[in-house]
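Chain residues, written in single-letter form:
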Amino acid sequence: TPASDLIRLRAAFMDQMLAMLWDRQDWGSSQLALVAVGGYGRGELHPHSDIDLLILLGENCDRCREALSNFLTLLWDIGLKIGHSVRDIKECVECAAGDITIATALMEARTVGGDPGLLARLAALTGPEQIWPSAEFFRAKWDEQKARHRKFNNTEYNLEPNIKGCPGGLRDVQTVGWVAKRHFHATSTLELVARGFLTAHEYEALANGQDFLWRVRYALHMLADRAEDRLLFDYQLQLARLFGYADDERGLGVEHFMKDYFRCVLKLGVLNEMLTQLFDEAILRACEPVNLYELNIRFRVRNGYIEAAHDNVFRNAPWALIEMFTLMAQHDFIVGVRASTMRLVHGSLRLIGAELRRDARANRLFLQLLGSPYRVATQLDRMKRYGVLGRFIPEFGRIVGQTQHDLFHVYSVDSHTIRVVRNMRMFLLPRAREDFPTAAHA
């Protein structure tokens, strides 16, 4: 059974059990409701995840305190790991207005037992028309995501990655869904296809990536026998065996498993980057005046982001797939690649073959990139993330996501290689003359 079915079936089973236990209580004339929030509210429940509940109080609840205490004690006695709060509608609105995390949890709330009208009233008072307008909500979630990424050194590649929190992890997928729900009132990320924010192929990649991470997380909870989101070193080996990865002449089974994991989160990270930028344009910059700067006949900069001048840029000049990154390394004011151009790059990867690798202009542009003044390692990393570097240099493509299963190699081979370039570039900085005089002089 797919993990995606299992986590939904667990949530559905929990719904039925909680509703039955709720109905066994004598609530008298009290008006209250049992509400699922957070991940459980989304209808997702991994083996050892918390069951997040809100007991929403309405009218005449002063005399139901004993029944509430009995209900919660019963849940603990039967071994359920619950996270709960008890609030009335006013308290919920006040808490949500001051805490983006609570506001987000309430967006995914659904009634499991009791009066469903209470949640309907709460939803009306915590919608974007009342608190956290979609622009403020998106900005807060984007800042939250950037802070989380910094916590994990802004890389998908860690020796023991966190499936949920690392860049490209499940939280990045959830962030996309939250913004879509808040701004577009979407019930699922599938609606982003109809709105033009995702292609059908991109949605499929997003869904498949989430399913892969769900599978890993479900198995990890079962192996650890607790709520564990870190792919700890020992669990990597057990998971690889569980999923049927075998040792061969190319490497250990666990290294093949981690390569698939890293490539999955890399792809999800790029999709998150693209969608976040599209949301930024649609939500935060919708009324911003367009500032265009022409770099050449193929590329221009729109409000800080480089973009292709037209849809046939790469088809007419495949070497422009290298030129774009070289231009970014030559102009310090370019902050990134526009989402529409990311999509165009992805659709043009088939143009990178033996002919382009032999092309003198493409090779000259790549060498110019290596000698450019600004953020060379960052551009190499972008080339890797967008799939360009691995196709232009097939030897590099084979090491993308490749790990060595030991405690010495903290990063994957591709990430380590780019970090070496970054460190070598640091020797050119003025302060390196004091800290690393020999390397700086060389």
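Residues numbered from 1 in each chain as written. Predicted model: local features only at pLDDT ≥ 70, side-chain atom pairs only at ≥ 80, totals over all residues. Heavy atoms only, no water.

J.: Looking at this model, I keep getting lost on the packing of helix H4 (residues 89–98) against helix H5 (residues 100–107). Mind explaining?
T.: Helix packing for two helices is described by the angle between their axes and how far apart those axes are. As a packed pair, H4 and H5 sit with axes 5 Å apart at the nearest point and diverge in direction by 120°. Put simply, H4 runs oblique to H5. As H4 runs across H5, the sense of the crossing is left-handed. Contacts between H4 and H5 pair Cys-92, Cys-95, Ala-96 and Gly-98 from the former with Ile-100, Ile-102, Ala-103 and Leu-106 from the latter. Each residue belonging to the contact of H4 with H5 can be placed in one class, and the counts come to seven nonpolar, one polar and no charged. (Axes fitted to C-alpha atoms, helices over the stretch in contact; angles between N-to-C directions. Helix = DSSP H or I, 4+ residues; strand = E, 2+ residues; numbered from the N terminus. Parallel < 35°, antiparallel > 145°, perpendicular 65-115°, else oblique. Left-handed = near helix turned anticlockwise from the far one by under 90°. Contact = heavy atoms within 4.5 Å. Nonpolar A, V, L, I, M, F, W, Y, C, P; charged D, E, K, R; others polar.)

J.: What exactly am I supposed to notice about helix H7 (residues 134–151) here?
T.: Helical geometry note: an α-helix holds 3.6 residues per turn, so side chains three or four residues apart project in the same direction. In this model H7 runs 26 Å from its N-terminal to its C-terminal C-alpha over 18 residues, within 8% of the 26 Å that 1.5 Å per residue would give. Among the residues making up H7, those that are buried are Ser-134, Phe-137, Phe-138, Ala-140, Lys-141, Trp-142, Gln-145, Arg-148 and His-149. On the buried face of H7, the contacting elements are H5, helix H8 (170–184) and helix H12 (253–284). (Expected span 1.5 Å × (residues − 1). Buried < 20%, exposed > 50% of the residue type's maximum accessible area, 1.4 Å probe, protein only.)

J.: How should the layout of surface pockets be read in this particular structure?
T.: The volume enclosed by the largest pocket comes to roughly 1,100 Å³. Taken together, 35 residues form the lining of the largest pocket, with His-149, Asn-154, Glu-273, Arg-382 and Arg-385 sitting closest to its centre. In terms of residue count, the dominant contributor to the lining of the largest pocket is H12 (six residues). For the lining of the largest pocket, the class distribution of residues is eight nonpolar, 13 polar and 14 charged. (1 Å grid on protein atoms, 1.4 Å probe; cavity = no way out; pocket = protein on both sides within 12 Å on 5 of 7 lines; lining within 4 Å. Points joined across faces, edges and corners; volume = space filled by probe spheres on them.)

J.: For this particular structure, what's the right way to read the pattern of salt bridges?
T.: Pairing is possible between side chains of opposite charge, provided their charged atoms come close. Evaluated as defined, the whole model comprises 24 salt bridges. For Glu-108, the salt bridge goes to Arg-42, with nearest N and O atoms at 3.0 Å. One end of the pair, Glu-108, is in the loop between H5 and strand E4 (110–114); the other, Arg-42, is in the loop between helix H2 (38–41) and strand E2 (51–57), and 66 residues separate them in sequence. With relative accessibility at 8%, the residue Glu-108 sits in the buried group. (Salt bridge = Lys/Arg side-chain N within 4 Å of Asp/Glu carboxyl O.)

J.: Explanation requested: empty space enclosed by the protein in the structure shown.
T.: Unfilled space is identified by rolling a water-sized probe across the atoms. For the coordinates displayed, the defined rule picks out two cavities of 30 Å³ or more. For the second largest cavity, the calculated volume is near 50 Å³. Contributing to the lining of the second largest cavity are Phe-138, Lys-141, Trp-142, Gln-145, Thr-175, Val-176, Val-179, Thr-276 and Phe-279. Elements with a minimum of two residues in the lining of the second largest cavity: H7, H8 and H12. When residues in the lining of the second largest cavity are grouped by element, the largest group, four residues, is from H7. Among the residues forming the lining of the second largest cavity, the class breakdown is five nonpolar, three polar and one charged.

J.: Help me understand unusual backbone geometry in this model?
T.: Trans peptide bonds make up the majority, and among non-glycine residues the majority have a negative phi. Within the chain, His-185 stands out as a residue other than glycine whose phi angle is a positive 55°. The residue Arg-375 is not glycine, and still its phi comes out positive at about 45°. Counting through the fold element by element, Arg-375 comes out in the loop between helix H17 (360–370) and helix H18 (376–385).

From the geometry alone we can't say anything about function, so treat these as descriptive.
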